[in-house]
Amino acid sequence: MADLLGGKGANLAEMTVMGLPVPPGFTITTEACRAYLTTGAPPEGLAAEVGEHLHALERAMGRKLGQVDEPLLVSVRSGARISMPGMMDTVLDIGLTDDSVAGLAAWSGDERLAWGSYRRLVQMFGTTVLGVADEHLSGALRAAKQAKGVTGDLDAEDLRALTATFKDIVREQAGREFPQDPREQLDLAIRSVFESWNTGRAHVYRRAEHIPEDLGTAVNVCAMVFGNLGEDAGTGVAFTRDPATGAPGVYGDYLADAQGEDVVAGIRNTLPLHRVADLQPRAYEQLMRIMRTLEEHYRDLCDIEFTIERGKLWMLQTRVGKRTAAAAFRIAEALREEGVIDADEALRRVTGAQLAQLMFPRFAETATTPVATGVAASPGAAVGEAVFDSATAVRRAEQGAAVILVRRETNPDDLDGLIHARGVLTSRGGKTSHAAVVARGLGRTCVCGAESLDLDVANRRFTTADGTVVAEGDVISIDGTAGEVYLGELAVVPSPVADYFEGRRAPGNDALLQAVDRITTHADARRRLEVRANADGDRRVLVERLILAETAAEREAALAALLPQQRADFVGILEEMDGLPVTIRLLDSPLHEFLTDRTALTAEVAVARALGRPDAPEKLLRAVERLHEANPILGTRGVRLGLVVPGLYEMQVRAIAEAAAIRVRAGGKPRVEIMIPLVGDVRELDIVAARARRILDGAAAGAEFPYEIGTMIELRRAAVTAGRIAGSAEFFSFGTNDLTQTVWGFSRDDVEASVFPTYLAEGIFAVSPFETIDRDGVGKLIADAVAAGRAARPDLVLGVCGEHGGDPASIGFFHEVGLDYVSCSPFRVPVVRLEAGLRRRGRRSPDEFASA
């Protein structure tokens, strides 16, 4: 029921049903949030329902919210369908007032705890609910500590005075008193959680993670339990397996005498989870049993938040835990080996995007000594300029710099910086701190809790234990696998996973490589989509000579020079790919790409003329002027080249035919597919294809080989007339890059830097249409073209060769629409193999796809 209750609420309900020790509480649904966000007011009847469930909670606890003698306090937390750690609001200790704080002191036997909780409530409520800038309140807290001469906790009298100061600040900044009615506190906190769905940081996170904007959040109201009641209390976060590596065994962080927010905020350095066995042995044994129960129940890595109150264990939350890419593969394969899940489920537990992360380089072996060591929170190698705030990280990254965000600890407001940085380094916190959790989710390298670093954020620098000062802009290297920090730029080497896919390394006993090998091998066995690789060649100088030809003799000479080189190219390709299909796209680039830049050439000629030099490239300038096009992307390119530049396509086809014949005579089995690009009308295809067939059939005499002639669908007109084009084409390959440009009317080179940042920020795009296929526009054209093409030619082979062919998020669409293959850059081939394996159904008929 996570769609209705949110992930947190659904899992709290699940644990309650399982009989685990969960504090009593209730969940307000995502429907209520969506209604509030639509109308700006709570839905009718919500207040009465909250009152009804609050009374049930009070009966379960035997206390009333905010009662004077022994107050019931509650927490109010968000909980979206998809976890968004730290992005939305939480308010703790709801129910504390001037009257009830004494009752909490009496119940707890700790006046400092009572006033510390009240201080915390006024601060959280002031910033979260009433909109008071935190700098006013946190500044007052710093001033109080400075006046007392302490860096740690204040005593009860100091906290009492600070709470009064906080209430004065709230009155001044918010224009109202801190509410003394516990029910008013509750209602306002609920509204605040609803509204936090639309905070700037939440929008940024959803865009980065491609989370829909219309889900809304549930609100979880739970009885407070206290981990800060002394040495027999504490709070922690635990994982049933290592979320960084996937290694077996329990992992986590624990703080004695602390609230849960202290752990995830990273403001205090934690103890490893196994230390709880020494501090609270009975609670630890119970926690271990519960963790085993939860992993068996959810059949996955579980992330658990817990509190121990006076020796009693309370489970505050569980969820399927975020993990690094390496952990995802190791855990999936380990659970398969243990018989918990089958091979198909193991495949579903990983993604192509995670596999791509594993293929990035890592640091080379080095004798360099790290200047600091911290917690290995999110693996990988990251090198960049040290920057000390998120705004600078964003600005420098947009200027093209690689940056490492360095902070004492991060908070939700740092999200934009985390997204733009290559990695994050903090001096506080552990594997469950905000920085670690968000970095793992974003695939960023992270080292946390590097305590030896003395950060001076105001002066934008840090000092290492040996006194070395690193200023903003200095380059550092961080190793999120080892938890190490280095000065300067370290050399990087290919990932072992990349080495495995490129045949340079066998899995051996490496647990990660074994997991990758088994899961991708299973994906290959299950996938329907074929996967091909793109390759490029370069004959620019010879093509330029052809274009510059002013006489038939010059043109024939240029073609004669190109033919043997092209033939040699194709012999090598067909030999390497013997027995496999090779699609050769005839020349497609605009003419200007083969010539010197017009502006630079004009200046060069002008200078040569002024100096009286005889070597002015006059002929080249005349050709450039003759061929200049205002909009070359829509100019003389593709099939138009083959029609207006005599002999060009004929030379390429002859080179292909002669190369295939050479391979046949050598005992090879070439499979040639000739693709004619940028066709907009079937008559263009008919003319060029007829010429090609005459050459192919003639050149292959005595050495016959199979060939097919097809076209690239990259113009809107080609897509809408696909039925007619299919009568002359044996295959289609959708050129989604140009199809996106022509459908949207975007010039990609111009708009990605100028228009797209605004479109993404305004929510017009969730992701660039050049990155992930635009299903509603470009995708609809492809679907219609598939249906029309197969209706005209049932055996029509269909593929895609734009950059979308390597995009994990687009593979599902290409599978559903019924394509036979995708083609992508060689680096993306393993990623696409994995994603294709996740889609195992046979392709839909055109009618089925249209109805879907």
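All figures in this text were calculated on a predicted structure; none of them were measured in a lab.

Q: Got a minute to help me understand unusual backbone geometry in this structure?
A: The phi angle of most residues is negative, glycine excepted, and most peptide bonds adopt the trans form. Of note, the phi angle at Asp93 is positive, near 65°, even though the residue is not glycine. Structurally, Asp93 is set in strand β3 (residues 90–94). If you check the backbone angles, Arg310 has positive phi at about 50° while not being a glycine. Here Arg310 shows up in the loop between β8 (302–309) and β9 (312–320).

Q: Is there a simple way to explain the nonpolar core in this structure?
A: Here is a general trend for soluble globular proteins: nonpolar side chains tend to be buried in one another's company. Formed by 72 residues in total, the largest nonpolar core has its most connected members in Ile676, Phe732, Phe734, Ile782 and Leu819. Looking at this core, the element that brings in the most residues is helix α26 (residues 648–665), giving 9 residues. Each residue touching Leu819, except ones within four places of it in the same chain, is listed here: Arg528, Leu529, Phe734, Val786, Leu798, Gly799, Val800 and Phe814. Among the nonpolar cores identified, the runner-up in size contains 54 residues, and Ile28, Phe125, Ala140 and Phe178 belong to it.

Q: What am I meant to see in the sheet that holds strand β12 (residues 375–378) here?
A: Across a sheet, paired strands are connected by hydrogen bonds in the backbone, their directions being either parallel or antiparallel. Strand order in the open sheet formed by 8 strands is β11-β21-β20-β13-β14-β15-β16-β12, with mixed pairing between adjacent strands. Sheet topology places β11 (372–373) and β12 at the edges, where each strand pairs with a single neighbour. Of the pairings in the sheet, the one linking strand β15 (residues 423–426) to strand β16 (residues 445–448) comprises 3 bridges and is parallel in character. Looking across to β16, one finds that Leu425 is bridged to Val447.

Q: Would you take a moment to explain the pattern of salt bridges for this structure?
A: Opposite charge on two side chains permits them to pair, given that their charged atoms come into close proximity. According to the stated counting rule, one finds 52 salt bridges in the structure shown. Between Glu111 and Arg160 there is a salt bridge, with the nearest N and O atoms lying 2.8 Å from each other. A residue pair is termed long-range when its members are at least 10 positions apart, and Glu111 in helix α5 (residues 111–128) and Arg160 in helix α7 (residues 156–174) qualify at 49 residues. Residue Glu111 is classed as partly exposed on the basis of its relative accessible area, which comes to 36%. The exposure class assigned to Arg160 is partly exposed, which follows from its relative accessible area of 33%. With a closest N to O distance of 3.0 Å, Asp524 and Arg527 form a salt bridge.

Q: What am I meant to see in the sheet that holds strand β4 (residues 217–223) here?
A: Spatial strand order, β1-β4-β2-β3: 4 strands in an open sheet with antiparallel pairing. For this open sheet the edge positions go to β1 (25–28) and β3, each flanked by a neighbour on one side alone. Recorded for the sheet is a direction-independent mean angle of 20° between the axes of neighbouring strands. Here β1 runs beside β4; their pairing, made up of 4 bridges, is antiparallel. Considered in β4, the bridge of Thr27 is made with Asn220. The strands that helix α3 (residues 46–61) touches are β1, β2 (74–80) and β4; relative to β1, the one it contacts most, it runs at about 160°.

Q: Would you take a moment to explain the confidence of the model for the chain for this structure?
A: Segments scoring low in pLDDT should not have their predicted coordinates read at a detailed level. Per-residue pLDDT for the chain has a mean of 89; in total, 93% of the residues score no lower than 70. In this model, residues 841–852 is a region of pLDDT below 50 whose contacts with residues beyond four sequence positions or in other chains number 17 contacts.

Q: Where do I start with the pairing of β15 in this structure?
A: Remark: a regular strand shows side chains that alternate across the two faces of the sheet. Of the two faces of β15, the one carrying Gly423 and Leu425 and the one carrying Val424 and Thr426 are both buried. Where strand β14 (residues 403–407) lies against β15, 4 bridges are found, and the strand directions are parallel. From the neighbouring strand, Val406 faces β15, where its bridge partner is Leu425.

Q: Any chance you could explain a nonpolar patch on the surface here in plain terms?
A: On the surface, a cluster of nonpolar side chains totalling about 230 Å² of accessible area is made up of Ile573, Met577 and Leu580. Residue position: Leu580 is located in the loop between α22 (552–576) and β24 (581–585).

Q: Explanation requested: the packing of aromatic side chains in the structure shown.
A: Each aromatic ring pair is characterised by the separation of its centres together with the angle its planes make. Per the stated rule, a full pass over the model turns up 20 aromatic pairs. Ring centres of Tyr36 and Phe194 lie 5.4 Å apart, and the angle between their planes is 40°; this geometry places the pair in the tilted category. Of the two residues, Tyr36 sits in helix α2 (residues 30–39) while Phe194 sits in helix α8 (residues 182–196), which places them 158 residues apart along the sequence. For the pair Tyr36 and Phe194, a shared accessibility class is recorded, and that class is buried.

Q: Looking at this structure, I do not really get the state of the cysteines. What am I missing?
A: Where two cysteines share a covalent bond between their sulfur atoms, that bond is called a disulfide. A complete count under the given rule lists 0 disulfides for this structure. In this model Cys33 remains outside any disulfide bridge; the closest cysteine sulfur is found in Cys222, 17 Å from its own. For Cys33, a relative accessible area of 0% puts it in the buried group. There is no disulfide at Cys448, and the cysteine sulfur nearest it, in Cys446, is 3.4 Å away. By relative accessible area, which is 0% here, Cys448 ends up buried.

Calculation criteria
Residues numbered from 1 in each chain as written. Predicted model: local features only at pLDDT ≥ 70, side-chain atom pairs only at ≥ 80, totals over all residues. Heavy atoms only, no water. Helix = DSSP H or I, 4+ residues; strand = E, 2+ residues; numbered from the N terminus. Core = buried A, V, L, I, M, F, W, Y, C linked by side-chain atoms within 4.5 Å. Buried < 20%, exposed > 50% of the residue type's maximum accessible area, 1.4 Å probe, protein only. Contact = heavy atoms within 4.5 Å. Pairing = 2+ DSSP bridges. Salt bridge = Lys/Arg side-chain N within 4 Å of Asp/Glu carboxyl O. Axes fitted to C-alpha atoms, helices over the stretch in contact; angles between N-to-C directions. pLDDT = per-residue confidence, 0-100. Patch = residues over 30% accessible without salt bridge, like charges linked within 9 Å, V, L, I, M, F, W, Y side chains within 5 Å. Areas by Shrake-Rupley, 256 points an atom, 1.4 Å probe, with all protein chains shown as cover. Phe/Tyr/Trp six-rings, centres within 6.5 Å; stacked < 30°, edge-to-face > 60°. Disulfide = S-S within 2.5 Å.

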